[in-house]
Amino acid sequence: LYTFHVVRLSKFARNTTPIKLAAVKATWEAILSFVLVGALVMLANSGIELDGIGNFIVDTGKDITKFAATFADGMTSGTIDASTLQTGAVAILWTGWVTCAYTIYAQSFGQSRVGPTDANLIYTFQPIFTALFAYVLVGETMGPFGFIGGGLIGTAVFLIASSSAAAAKTEGGADSQ
């Protein structure tokens, strides 16, 4: 499904600014998130008992309701101090602005300059970048299977990119004759 998003974004990214795309996408994500949370809470409070995944969904709604009630109680009783609220606000702003809004903007900006095929090749490196950041930021290490997987991803992207470049060069050469 993500590939469909990348292809569709490539179409729109060339016709509008990245900030407009990011604003529209973030707005819809917020609206849909509120609708989902509302639906989960309503389902949890409906008294319906479900099995399997339905039970998980109802339990999630109950957890949201419990969190909201606990937070409200903590605010009214004064047991949540200012430093906790400040830390929570910073975490919310970081999550909203950096990990959501900025990444939407950056993706829209990048895809206005490259096609969907190249974009998906770049996105294929995400596990490798994640492992590198984990190593640099928190000292996490990989086992042999992690290195093998990273090598396979790198090799696959190299083979695809080099065959695409060779095909483009061949097509360009055929057109010029």
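Residues numbered from 1 in each chain as written. Predicted model: local features only at pLDDT ≥ 70, side-chain atom pairs only at ≥ 80, totals over all residues. Heavy atoms only, no water.

Visitor: Now, about the side chain of S10: what can you tell me, with residues and values included?
Guide: Among the structural elements, S10 can be located in helix α1 (residues 2–13). Not counting residues up to four positions away in its chain, the partners in contact with S10 are Q111, V114, G115 and P116. (Helix = DSSP H or I, 4+ residues; strand = E, 2+ residues; numbered from the N terminus. Contact = heavy atoms within 4.5 Å.)

Visitor: Quick one: what's the story with the environment of G61, residue by residue and with numbers?
Guide: Within the element layout of this structure, G61 appears in helix α3 (residues 53–77). What makes G61 buried here is its relative accessible area of 0%. The sequence separation of G61 and F34 amounts to 27 residues, and the corresponding C-alpha distance is 13 Å. The contacts of G61, once residues within four sequence positions are left out, are L40, V41 and A44. (Buried < 20%, exposed > 50% of the residue type's maximum accessible area, 1.4 Å probe, protein only.)

Visitor: A description of the packing of α1 against helix α5 (residues 116–124) should follow, citing residues and the corresponding values.
Guide: Where α1 meets α5, the closest approach of the two axes is 9 Å, and the angle between their N-to-C directions is 135°. Between α1 and α5, the crossing angle belongs to the class labelled oblique. The handedness of the crossing between α1 and α5 is right-handed. Seen from α1, the contacting residues are Y2, T3, V6, V7 and S10; seen from α5, they are P116, A119, N120 and Y123. The class makeup of the residues in the contact of α1 with α5 is six nonpolar, three polar and no charged. (Axes fitted to C-alpha atoms, helices over the stretch in contact; angles between N-to-C directions. Parallel < 35°, antiparallel > 145°, perpendicular 65-115°, else oblique. Left-handed = near helix turned anticlockwise from the far one by under 90°. Nonpolar A, V, L, I, M, F, W, Y, C, P; charged D, E, K, R; others polar.)

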